[in-house]
Amino acid sequence: FSETTFDRNTAFEDGGMMYVCHGGEVTMKSVIASSHRAKNFGGVFFLTGDSFMKVKNSTMRNNSASTGGVLYTADSLSNIIIKNSKMISFQFIFY
């Protein structure tokens, strides 16, 4: 995704904007993600199962979940790269 805005998505479980699993790959550049909600984990992103995510020059703001307002990774196998980005949240950002 490049130069895109995602706004006000809701997940009844995990990953308010995006659920990335089983080797999935996501690259985001100059993206705005705001006001996403997840009932459980990862207000914006939920990663599991050797997934890859790269975020560059992006802004994540006002996102929420029970755990991980912006990002939740379910295991240590996922690879995450975040560069020159703003994570603005009123609760824990990563888990």
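This text follows the structure it describes.
## Section: the overall build of the protein chain
Here is step 1: For the protein chain, the count of helices and strands is zero helices and 13 strands.
Here is step 2: If you line up the protein chain on its principal axes, its C-alpha atoms span 25 × 25 × 20 Å.
Here is step 3: In the protein chain, which comprises 95 residues, the share counted as buried stands at 42%.
Here is step 4: Long-range pairs, those at least 24 residues apart, make up 79% of the contacts in the protein chain between residues at least 6 apart in sequence.
Here is step 5: When the accessible surface of the protein chain is totalled, it reaches about 5300 Å², and 51% of it is carbon and sulfur.

## Some thoughts on the sheet that holds strand β13 (residues 86-88)
Here is step 1: Spatially, the four strands line up as an open sheet ordered β1-β5-β9-β13, and their pairing is parallel. Looking at which strands have only one partner, the edges of the open sheet turn out to be β1 (5-7) and β13. Across the sheet, the mean angle separating the axes of adjacent strands is 5 degrees when strand polarity is ignored.
Here is step 2: Of the strand pairs in this sheet, strand β9 (residues 59-61) and β13 are connected by three bridges, and their pairing is parallel. Looking at the pairing, methionine 60 lines up with methionine 87 of β13.

## Comments concerning the nonpolar core
Here is step 1: Counting residues in each nonpolar core, the largest one holds 17 residues, and the members touching the most others are Met17, Met18, Met28, Val44, Phe45 and Met60.
Here is step 2: Put simply, the parts of the chain that give this core at least two residues each are β3 (18-20), β4 (25-29), β7 (45-47) and β8 (52-56).
Here is step 3: When residues no more than four places from it in sequence are discounted, the contact partners of methionine 18 are Phe1, Val26, Met28, Val44, Phe45 and Phe46.

Calculation notes
- For every chain, the first residue of the written sequence is number 1, and numbering continues from 1 onward in sequence order.
- Only residues with pLDDT of at least 70 get local features here, since the model is predicted, and only at 80 or more are side-chain atom pairs given and counted; chain-wide, interface and lining totals rely on the full set of residues.
- Each side-chain value is worked out from all heavy atoms of the structure, with water and hydrogens disregarded.
- Comment: elements are numbered from the N terminus, with helices defined as DSSP H or I runs of at least four residues and strands as E runs of at least two.
- Note on exposure labels: buried denotes an accessible area under 20% of the residue type's maximum, exposed denotes more than 50%, and partly exposed covers the range between, all computed with a 1.4 Å probe on protein chains only.
- Residues count as neighbours in contact if any of their non-hydrogen atoms are within 4.5 Å of one another.
- Using a 1.4 Å probe, the Shrake-Rupley method yields the accessible areas, and only the shown protein chains count as cover for residues.
- Strands were regarded as paired on the criterion that DSSP finds at least two bridges between them.
- In this analysis, axes come from line fits to C-alpha atoms, helices being fitted only over the stretch in contact, and the angle between any two N-to-C directions falls in the range 0 to 180 degrees.
- Residues belong to one nonpolar core when they are buried, are Ala, Val, Leu, Ile, Met, Phe, Trp, Tyr or Cys, and are joined through side-chain atoms within 4.5 Å.

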